[in-house]
Amino acid sequence: VQLQASGGGLVQAGGSLRLSCAASGRTFSNYAMGWFRQAPGKEREFVATINWNGGITDYADSVKGRFTISRDNARNTVYLQMNVLKPEDSAVYYCAADLSRTTHPRRDILLYDVWGQGTQVTVSS
């Protein structure tokens, strides 16, 4: 599977963005998907994950209540709706696929097999 992330940009604090991650090459609906982010000088960190049919989601505490992950298997796309953005949300955001066919999505970055190229999100104060 190949992943292409898009939707990043520059937004003021308190604003919203929606990231998209389009998948191709394999049966997208078989896999859990995750969003991760990496700020300059920091390690890549977990943001959100969703299971194969969208029935189970999980979020990092730092984004819970502000971000929503969803997916449209008919469009082979996973989304990350980001609301009430803060300057500390600024980072390159990556989508990733867990090809293990786990029924429960996981936070561990090492368990994700395929990564998109990343999209920059910058939140100004």
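Here, every reference points to the structure presented above.
Just so it is clear, the structure is predicted and the values come from calculations on it, not from any experiment.

Engineer: Kindly report on the sheet that holds strand β7 (residues 67-72), identifying the contributing residues and their values.
Structural biologist: Reading across from one edge, β1-β3-β8-β7 is the order of the four strands in this open sheet, with antiparallel pairing throughout. Every interior strand has two partners, whereas the edge strands, β1 (2-6) and β7, have only one. Neighbour to neighbour, the strand axes of the sheet diverge by 15° on average, direction disregarded. The sheet contact formed by β7 and strand β8 (residues 77-82) spans six bridges and is antiparallel. The residue of β8 that forms the bridge with T68 is Q81.

Engineer: Outline the environment of E43, supporting the account with residue identities and numerical values.
Structural biologist: Counting through the fold element by element, E43 comes out in the loop between β4 (32-38) and β5 (45-50). Setting aside residues no more than four positions away along its own chain, E43 makes contact with R37 and Q38.

Engineer: How would you summarise the state of the cysteines if you had to cite specific residues and measurements?
Structural biologist: Applying the stated criterion to the full structure yields one disulfide. Between the sulfur atoms of C21 and its disulfide partner C95 the distance amounts to 2.1 Å. Between C21 and C95 the disulfide shows an S-S torsion of about 65°. By sign, it is right-handed. One end of the pair, C21, is in strand β3 (residues 17-24); the other, C95, is in strand β9 (residues 91-98), with 74 residues separating them in the sequence. The pair formed by C21 and C95 is uniform in burial state, with each residue classed as buried.

Engineer: Could you give an account of the packing of aromatic side chains, naming the residues involved and the relevant values?
Structural biologist: Summed over all chains, the structure comprises five aromatic pairs. Between F36 and Y112, the aromatic rings sit 5.0 Å apart at their centres with planes inclined by 75°, giving edge-to-face as the arrangement. With a gap of 76 residues between them, F36 in strand β4 and Y112 in the loop between β9 and β10 (114-115) connect regions that are remote in the sequence. Note on accessibility: F36 and Y112 belong to one class, buried. Note on F36 and W115: the rings are 5.0 Å apart at their centroids and 55° apart in plane angle, and the pair reads as tilted. Note that F36 is positioned in strand β4 and W115 in strand β10, a separation of 79 residues in sequence.

Engineer: Before we move on, can you summarise the pairing of β7 with the specific residues and values?
Structural biologist: Alternating residues of β7 divide into F67, I69 and R71, all buried, and T68, S70 and D72, none buried. The hairpin formed by β7 and β8 contains four residues between the paired strands, and N76 there has a positive phi angle of roughly 55°.

Conventions and cut-offs
- Residues numbered from 1 in each chain as written.
- Predicted model: local features only at pLDDT ≥ 70, side-chain atom pairs only at ≥ 80, totals over all residues.
- Heavy atoms only, no water.
- Pairing = 2+ DSSP bridges.
- Helix = DSSP H or I, 4+ residues; strand = E, 2+ residues; numbered from the N terminus.
- Axes fitted to C-alpha atoms, helices over the stretch in contact; angles between N-to-C directions.
- Contact = heavy atoms within 4.5 Å.
- Disulfide = S-S within 2.5 Å.
- Buried < 20%, exposed > 50% of the residue type's maximum accessible area, 1.4 Å probe, protein only.
- Phe/Tyr/Trp six-rings, centres within 6.5 Å; stacked < 30°, edge-to-face > 60°.

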